[in-house]
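So you can see what is in the structure, the chains are spelled out below.
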Amino acid sequence: MTSTAPLSPRLPSPLQEVRDDRFDRRGLRLLLKRDDLIHPELIGNKWRKLAPTIEAAAGRPLVTFGGAYSNHLRATAAAGRLLGFPTVGVVRGQELADRPRNPSLARCAADGMRLHFVDRATYRRKTEPPTLARLLRAVGAEEAYVVPEGGSNAEAARGCRALGAELRGAADVVAVACGTGGTLAGLAAGLAPDQRALGIPVLRGGFLAADVQALQERAFGARTGSWSLDDSFHFGGYARTTPELDAFAQDFECRHGLPVERLYVAKLLYGLTALAAEGAFPRGTTIAAVVTGRPFP
């Protein structure tokens, strides 16, 4: 069985208060839950989601899925290199197979991940048993442990419950950027009854509430904790940004000395700042923002 103990994560992750006049003048406290400091290569929620999955895989190869800029693929590849188990990444976009690797996919390959590119229609059907069986045969990994896109499975949700437990009593609202929903599912389950979790989706579509509830049902048996989603801050979808968002992130970096990751963390912090300006939080509210990653490369 593969253990993650040798990686020595920094847990619990630090909780840092920042003074920001956009929150101060509305009577709000802003805390940053620095999950980006858990491990130099398995960063933030990737550690919390992958560690229990690696334990469950018991040394088998991991096969997982993602797009060309997937943080999850990079984290899985790094875990495989550090702990000595094989990894395969099924990548959305057959057209990428013959192109030079972008920095994200190049890092995956350098860490030993075997990349298998598929067309987008096949990728959309990847969870259907016949399609999945064909993919596993194609990569010669029929006995592998299959991890869903983004790493969000029941094990991941249970792993992220510790994030909520670490924040019990520290904040009224705990906010996190969401891709596939596993972190929010676990976070909400770990918080105290008088706390609530707020998810800021970084993808368009409005589908995530059903996914988070399904994850909680698989992990905990029922919808758990107080949580909600605000779909207003995806900026066009995953890996999409705008000059306005980039300017906001640069300003936040200058104000607080925090490198702001653009795909998730910038959208989270922008969303919280906008909601504060709208009066969405009563005076006296303490808000904790989970910093799930840092800029790459």
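Look above for the structure.
These numbers come from a predicted model, not from an experiment. (Residues numbered from 1 in each chain as written. Predicted model: local features only at pLDDT ≥ 70, side-chain atom pairs only at ≥ 80, totals over all residues. Heavy atoms only, no water.)

K.L.:
Please explain unusual backbone geometry as it appears in this structure.
P.N.:
The general pattern is negative phi for most residues beyond glycine and trans for most peptide bonds. In this structure, the amide linkage connecting Leu-11 to the following residue, Pro-12, adopts the cis form with an omega of -10°. By the element assignment, Pro-12 lies in the segment before strand S1 (15-18). Despite not being glycine, Phe-235 has its phi angle at roughly 55°, a positive value. Within the secondary structure layout, Phe-235 lies in the loop between strand S9 (227-229) and helix H10 (243-256). Phe-235 sits in the buried class, given a relative accessible area of 17%. (Helix = DSSP H or I, 4+ residues; strand = E, 2+ residues; numbered from the N terminus. Buried < 20%, exposed > 50% of the residue type's maximum accessible area, 1.4 Å probe, protein only.)

K.L.:
Explain the packing of helix H7 (residues 154-166) against helix H8 (residues 182-190) to me, please; I cannot follow it from the model alone.
P.N.:
A pair of packed helices is characterised by two quantities: the angle between their axes and the separation of those axes. Axis separation between H7 and H8 bottoms out at 6 Å; the angle between their running directions is 50°. One way to sum up the angle between H7 and H8 is to call them oblique. When you trace H7 past H8, the crossing you get is right-handed. Along its contact with H7, which presents Ala-157, Cys-160, Arg-161, Leu-163, Gly-164 and Ala-165, the element H8 presents Gly-182, Thr-183, Ala-185, Gly-186, Leu-187, Ala-189 and Gly-190. Of the residues belonging to the contact of H7 with H8, the class tally is 7 nonpolar, 5 polar and 1 charged. (Axes fitted to C-alpha atoms, helices over the stretch in contact; angles between N-to-C directions. Parallel < 35°, antiparallel > 145°, perpendicular 65-115°, else oblique. Left-handed = near helix turned anticlockwise from the far one by under 90°. Contact = heavy atoms within 4.5 Å. Nonpolar A, V, L, I, M, F, W, Y, C, P; charged D, E, K, R; others polar.)

K.L.:
What's the story with the nonpolar core in this structure? I'm lost.
P.N.:
In a soluble, globular protein the nonpolar side chains are often hidden away together inside. Ranked by internal contacts, the top residues of the largest apolar core, which has 34 residues, are Leu-198, Val-260, Leu-269, Leu-272 and Phe-281. Elements supplying a minimum of two residues to this core: strand S2 (29-33), strand S7 (173-178), strand S8 (196-201), H10, helix H11 (265-277) and strand S10 (286-290). It is H11 that provides the largest number of residues to this core, a total of 9 residues. Discounting chain neighbours no more than four positions away, the residues touching Leu-198 are Val-173, Val-174, Ala-175, Val-176, Leu-184, Ser-228, Leu-229, Asp-230, Leu-272, Leu-275 and Phe-281. Formed by 22 residues, the second largest nonpolar core is a distinct cluster that contains Ala-154, Leu-167, Ala-171 and Ala-197. (Core = buried A, V, L, I, M, F, W, Y, C linked by side-chain atoms within 4.5 Å.)

K.L.:
Hey, could you run me through the sheet that holds S1 in this one?
P.N.:
Taken in spatial order, the 6 strands make up an open sheet running S1-S2-S10-S7-S8-S9, and their pairing is mixed. At either end of the open sheet lies a strand with only one pairing partner, and these are S1 and S9. The sheet shows a mean angle of 25° between the axes of neighbouring strands, direction not considered. Inspection of the sheet shows S7 paired to S8 by 6 bridges, in the parallel sense. (Pairing = 2+ DSSP bridges.)

K.L.:
Is there a simple way to explain the packing of aromatic side chains in this structure?
P.N.:
Both the distance between ring centres and the angle between the ring planes are used here to describe each pair of aromatic rings. Inspection of the entire model under this criterion finds 6 aromatic pairs. Relative to Tyr-123, the ring of Phe-65 has its centre 6.5 Å away and its plane inclined at 75°; by these criteria the two rings are edge-to-face. Separated by 58 residues along the polypeptide, Phe-65 in strand S3 (residues 62-66) and Tyr-123 in helix H5 (residues 120-124) bring together distant segments of the chain. Take Phe-65: its relative accessible area is 4%, and that puts it in the buried class. Plain terms: the ring middles of Tyr-238 and Tyr-264 are 5.8 Å apart, the flat faces sit at 65° to each other, and that makes the pair edge-to-face. Remark: Tyr-264 occurs in the loop between H10 and H11 and Tyr-238 occurs in the loop between S9 and H10; sequence separation between them is 26 residues. (Phe/Tyr/Trp six-rings, centres within 6.5 Å; stacked < 30°, edge-to-face > 60°.)

K.L.:
Can you walk me through the environment of Leu-11 in this structure?
P.N.:
Along the polypeptide, Leu-11 turns up in the segment before S1. If sequence neighbours within four positions are ignored, Leu-11 has contacts with Ile-38, Trp-47, Arg-48 and Glu-166.

K.L.:
How should the pattern of salt bridges be read in this particular structure?
P.N.:
One pass over the full model with this rule turns up 19 salt bridges. Across the salt bridge formed by Asp-35 and Arg-48, the nearest N and O atoms sit 2.6 Å from each other. Here Asp-35 is found in the loop between S2 and helix H2 (45-57), whereas its partner Arg-48 is found in helix H2, with 13 residues between them in sequence. Its relative accessible area of 4% is what places Arg-48 among the buried residues. Among the salt bridges present, the one from Lys-126 reaches Glu-149, with a minimum N-O distance of 3.5 Å. Of the two residues, Lys-126 is situated in the loop between H5 and helix H6 (129-138) and Glu-149 in the loop between strand S6 (145-146) and H7; the sequence distance between them amounts to 23 residues. Sharing partners across several salt bridges, the network here consists of Asp-20, Asp-21, Arg-22, Arg-25, Asp-251 and Arg-255. (Salt bridge = Lys/Arg side-chain N within 4 Å of Asp/Glu carboxyl O.)

K.L.:
Help me understand the sheet that holds S6 in this model?
P.N.:
Working definition: the strands of a sheet are paired by backbone hydrogen bonds and lie parallel or antiparallel to each other. Taken in spatial order, the 4 strands line up as S5-S4-S3-S6 in an open sheet, and their pairing is parallel. Each end of this open sheet is capped by a strand with a single partner; those strands are strand S5 (114-118) and S6. Of the strand pairs in this sheet, S3 and S6 are connected by 2 bridges, and their pairing is parallel. Considered in S6, the bridge of Val-63 is made with Val-146.

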